[in-house]
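Here's the letter readout for the chains.
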2 protein chains.
Amino acid sequence: MKYNFSAGPAILPKEVFSEAAQAVTDYDNTGLSLLELSHRGPEFTAILDEAVRLPLELLGLSEDDYQCLFLTGGASSQFFMTAMNLLNENYHGYYIDTGTWSTKAIKEAKLFGKIEVLASSKEDNYKSIPKKYASSKSSGYLHYTSNNTIFGTQYQSLPDHGALDLICDMSSDIFSRPLPGKNYGIIYAGAQKNLGPAGTTLVIIKKSLLKQINSGLTSMLDYKIHAAKNSSFNTPPVFPIYVSLLTMRWIKNNGGVEAMAKRNQQKAEAIYQEIERNNLFDGFAAKEDRSYMNATFTIKQKDLEEQFLEDCANAGVVGIKGHRSVGGFRASIYNAMDIQGINKLVEVMKAFESKHS
Amino acid sequence: MKYNFSAGPAILPKEVFSEAAQAVTDYDNTGLSLLELSHRGPEFTAILDEAVRLPLELLGLSEDDYQCLFLTGGASSQFFMTAMNLLNENYHGYYIDTGTWSTKAIKEAKLFGKIEVLASSKEDNYKSIPKKYASSKSSGYLHYTSNNTIFGTQYQSLPDHGALDLICDMSSDIFSRPLPGKNYGIIYAGAQKNLGPAGTTLVIIKKSLLKQINSGLTSMLDYKIHAAKNSSFNTPPVFPIYVSLLTMRWIKNNGGVEAMAKRNQQKAEAIYQEIERNNLFDGFAAKEDRSYMNATFTIKQKDLEEQFLEDCANAGVVGIKGHRSVGGFRASIYNAMDIQGINKLVEVMKAFESKHS
């Protein structure tokens, strides 16, 4: 038995893997693999229609106000597409920098217009989320990353944003909890954490924003075109979208994002309790900002790091090595990780303490 | 038994489907699904390394001269990325328009610099490939589409290109035959015909061109960055790349592109012979330019069209309806379609003739 704590691509529900494998062999008794079905045919059209409806249903957003797109290019492409599509003389971009991903979004957006970084926790090595900044801007968007996978920080409520539309990179915590508010202009998420396998990116865009997209954009980078063509302007990534749909169905059938939030809280608390209790480890992120998706922690005696990783591996606990910017360990505990996995990790931590203290 | 003649996403070898399904369940006895493996881990790194090596091996291109990238966004993104990365004051873009796909490439390229269309077969409704044009250009590229899936035309040799680098959209006939020459600057191909499932795009780029990429591009659209990061600047589409690798291994194990070419020729000739022999049907494309991948044909008595499609469906022959720009029928007979499928289609055509003449 393996317990996969990888940051992404990441664990998905077992049922999703088995349904996905079945579809690769024979999709829904068509006698054909999902991989060879036309993206214009009735089977994939039905998949796509459900896949663009479910995110709104799960997040409690209205179809009158929002539209879902399944694009490619990862969240990395949304770093620039948001700016390229929206920035103009009257609609400005404001950013909060909580590390790596927002830093990249800021870098790419600068190529497409003037933007302003309102706050950054860089000086703190991104252990916390900056909360104090002037946000009384009148027109534009505020871009933020709701959960930082590398440093293990997460917004527990909406950032101060005044009259600005929120653009949120929700790659690593989408569908892990109900939305903490309703002022989103765009929510985007690379699939490969809570949503599906690598290869597609969900973009939820407020319909009113679709009316102010910059003109003259190349077709594949123009939200308007993808929206008008229901994500089928060109051949969409059929399999990643299908697996994303299976995952969303699983979330829906297991109590929706409310139930996910409850379970994720229990899981995160079990790990954080052990990190605090255990004499060998230190939590990395500031307590009030720590993530329910990625628990980051270090080991007091650096020379025990490799041994702990070995003990984890021997217990079937994989993907636990921390990102090089933080070091130590990271337990990514997305929706599909169940409490048994958490218990196993806690067991290994306890046993390691007994052995080394 | 189903015979899938879809234009794309399209048929892949049966072995590829079963290995892909197995990998979704448990990749290579890791106890984990391929979909949950880290793209930085040893398993996917090995997949990617082989996946970027095999295209060169299959096509007889040297690793000293060329590099392969696996990107996203389909061939549609290459329509503009080629121009965006390469066009400058001294390096110009020239195009041959053989319908739909080249027309789109021309449209998107115009946004990034001055380009010139050297020839078009539009007046002919793209039944043929234009061969007469002035090609004595000194610096730049000549962009062409080697096979047009919609009209069923295909280049049988390199277009006249003087001193220009060739940029070839080879989406629908890559690996179907040996390269007819060696003056390629870029070859690109959306996976979903001869290479794999939808969701990744192979870009083979001449290393010398990587030295003249325009500066100031956003990271995700910059060939230099993807090349420097071996297609892992961001999370690559793991599953589509893996299935593409399985398909390339299958090609290699079945005699390479030389054997594919031989088989494809036999298959295409069997269909074209029947189209010519059968009194009910007409071939669409000009004989000397007809495609070995997509055979397009129409029916003399328009009112029999639906009945023929019904007879096909009853015999398990699917995906045979022609594109709306041409009407009639299209048999897409990519590498993975075997001669049994062709025989079945020919059998249905013969039986239909007996019934209706």
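None of these values were measured; they are calculated from a predicted model.

Rules behind the numbers
Residues numbered from 1 in each chain as written. Chains lettered and ligands numbered in written order. Predicted model: local features only at pLDDT ≥ 70, side-chain atom pairs only at ≥ 80, totals over all residues. Heavy atoms only, no water. Helix = DSSP H or I, 4+ residues; strand = E, 2+ residues; numbered from the N terminus. Contact = heavy atoms within 4.5 Å. Pairing = 2+ DSSP bridges. Axes fitted to C-alpha atoms, helices over the stretch in contact; angles between N-to-C directions. Parallel < 35°, antiparallel > 145°, perpendicular 65-115°, else oblique. Left-handed = near helix turned anticlockwise from the far one by under 90°. Buried < 20%, exposed > 50% of the residue type's maximum accessible area, 1.4 Å probe, protein only. Salt bridge = Lys/Arg side-chain N within 4 Å of Asp/Glu carboxyl O. 1 Å grid on protein atoms, 1.4 Å probe; cavity = no way out; pocket = protein on both sides within 12 Å on 5 of 7 lines; lining within 4 Å. Points joined across faces, edges and corners; volume = space filled by probe spheres on them. Nonpolar A, V, L, I, M, F, W, Y, C, P; charged D, E, K, R; others polar. Least-squares fit on C-alpha atoms with pLDDT ≥ 70 in both. Phe/Tyr/Trp six-rings, centres within 6.5 Å; stacked < 30°, edge-to-face > 60°. Lys NZ or Arg CZ within 6 Å of the ring centre and 35° of its normal. Domains from an automatic or database assignment. Buried area = accessible area lost by both parts, 1.4 Å probe. Polar contact = N/O pair within 3.5 Å; in protein donor to acceptor, adjacent residues only side chain to side chain.

**Describing the environment of P197 of chain B**
With respect to the helices and strands, P197 of chain B occurs in the loop between β9 (184-190) and β10 (201-206). The spacing of P197 of chain B and S244 of chain B is 47 residues in sequence and 7.2 Å in space, taken between C-alpha atoms. For P197 of chain B, the contacting residues outside a window of four places in its chain are L35 of chain A together with L12, A191, Q192, P240, V243 and S244 of chain B.

**Concerning the sheet that holds strand β8 (residues 165-169) of chain B**
Residues and elements named next belong to chain B. Spatially, β2-β10-β9-β8-β5-β3-β4 is the arrangement adopted by the seven strands of the open sheet, whose pairing is mixed. Each edge of the sheet is formed by a strand with only one pairing partner; in this case those strands are β2 (66-71) and β4 (115-120). Across the sheet, the axes of successive neighbouring strands diverge by a mean angle of 15 degrees, strand direction being ignored. Packing of helix α4 (residues 100-109) onto the sheet brings it into contact with β3 (92-97), β4, β5 (140-145) and β8, and relative to β3 it is tilted by some 155 degrees.

**Quick notes on the side chain of D26 of chain B**
Take D26 of chain B: it is sitting in the loop between α1 (14-25) and α2 (42-59). Excluding its chain neighbours within four sequence positions, the residues that come into contact with D26 of chain B are G31 and L32 of chain B.

**Describing the packing of α2 of chain B against helix α7 (residues 238-253) of chain B**
Residues and elements named next belong to chain B. It is the contact of α2 with α7, at a shortest axis distance of 9 Å, that shows an interaxial angle of 45 degrees. Of the possible angle classes, the one that applies to α2 and α7 is oblique. For the pair α2 and α7, the crossing hand works out as left-handed. Between α2 and α7, the residues in contact are F44, I47, L48, E50, A51, L54, P55, E57 and L58 and V238, I241, Y242, L245, M248, R249, I251 and K252, respectively.

**Some words on the environment of K262 of chain B**
Residues and elements named next belong to chain B. By the element assignment, K262 lies in helix α8 (residues 256-277). The exposure class of K262 is exposed, given its relative accessible area of 59%. On a C-alpha basis, the gap between K262 and N294 in space is 16 Å, while along the polypeptide they are 32 residues apart.

**Points about the pattern of salt bridges**
Residue and element names in this part refer to chain B. For the structure on display, the rule yields 33 salt bridges over all chains. With a closest N to O distance of 2.8 Å, R249 and E50 form a salt bridge. Here R249, found in helix α7, pairs with E50, found in helix α2; they are 199 residues apart in sequence, far enough to count as distant. A salt bridge links E57 to K252; the nearest nitrogen and oxygen atoms lie 3.0 Å apart. Remark: K252 occurs in helix α7 and E57 occurs in helix α2; sequence separation between them is 195 residues.

**Side note on empty space enclosed by the protein**
Which parts of space are left empty comes out when a probe the size of a water molecule is rolled across the atoms. If you walk through the whole model with that rule in mind, you get six cavities of 30 Å³ or more. By volume, the largest cavity is sized at about 400 Å³. Together, 34 residues line the largest cavity, and T72, G73 and S77 of chain A together with T72 and G73 of chain B are the ones closest to its centre. Secondary structure elements with two or more residues in the lining of the largest cavity: β2 (66-71) and α3 (74-86) of chain A together with β2 and α3 (74-86) of chain B. Classifying every residue of the lining of the largest cavity by side-chain character gives 15 nonpolar, 19 polar and no charged.

**Focus on the relation of the copies chain B and chain A**
Related by rotation about an axis and a shift along that axis, the two copies of the chain form a pair. Once chain B has been moved 0.0 Å along the axis and rotated by 180 degrees, it coincides with chain A to within an RMSD of 0.0 Å. The operation mapping one copy onto its partner corresponds to a two-fold rotation axis. Looking at the rotation axis and the C-alpha trace of chain B, the residue lying nearest is A21 of chain B, at 2.2 Å.

**Remarks on the packing of aromatic side chains**
Under the counting rule described, the total for this entry stands at 29 aromatic pairs over all chains. Ring centres of F239 of chain A and F239 of chain B lie 4.0 Å apart, and the angle between their planes is 25 degrees; on these two criteria the pair is classed as stacked. With F239 of chain A in helix α7 (residues 238-253) and F239 of chain B in helix α7, the pair connects residues from two separate chains. Relative accessible area serves as the criterion here: at 1%, F239 of chain A is assigned to the buried category. We note K104 of chain A situated over the ring of F233 of chain B; from NZ or CZ to the ring centre the distance is 4.8 Å.

**A look at the pairing of strand β14 (residues 329-332) of chain A**
All names here are of chain A. Burial along β14 is two-sided: the face carrying F329 and A331 and the face carrying R330 and S332 are both buried. Of the pairings in the sheet, the one linking strand β12 (residues 294-299) to β14 comprises four bridges and is antiparallel in character. Paired with N294 across the strands is S332, a residue of β14.

**Description of the domain arrangement of chain A**
All names here are of chain A. Each assigned domain of chain A is listed here: domain 1 (3-9 + 256-356) and domain 2 (14-253). Each of domain 1 and domain 2 was reduced to a C-alpha centroid, and the two centroids are 27 Å apart. Of the residues lining the interface, 29 residues belong to domain 1; the matching set on domain 2 comes to 29 residues. Carbon and sulfur atoms supply 57% of the area buried between domain 1 and domain 2, which totals about 2300 Å² over both sides. When the buried area of domain 1 at its contact with domain 2 is split by residue, V257, F284 and D289 rank highest and sum to 27% of it. Here domain 1 and domain 2 share one salt bridge between them. With a closest N to O distance of 2.8 Å, K131 and D289 form a salt bridge. Along the contact surface separating domain 1 from domain 2 lie 17 residue pairs in polar contact (both at pLDDT 80 or more).

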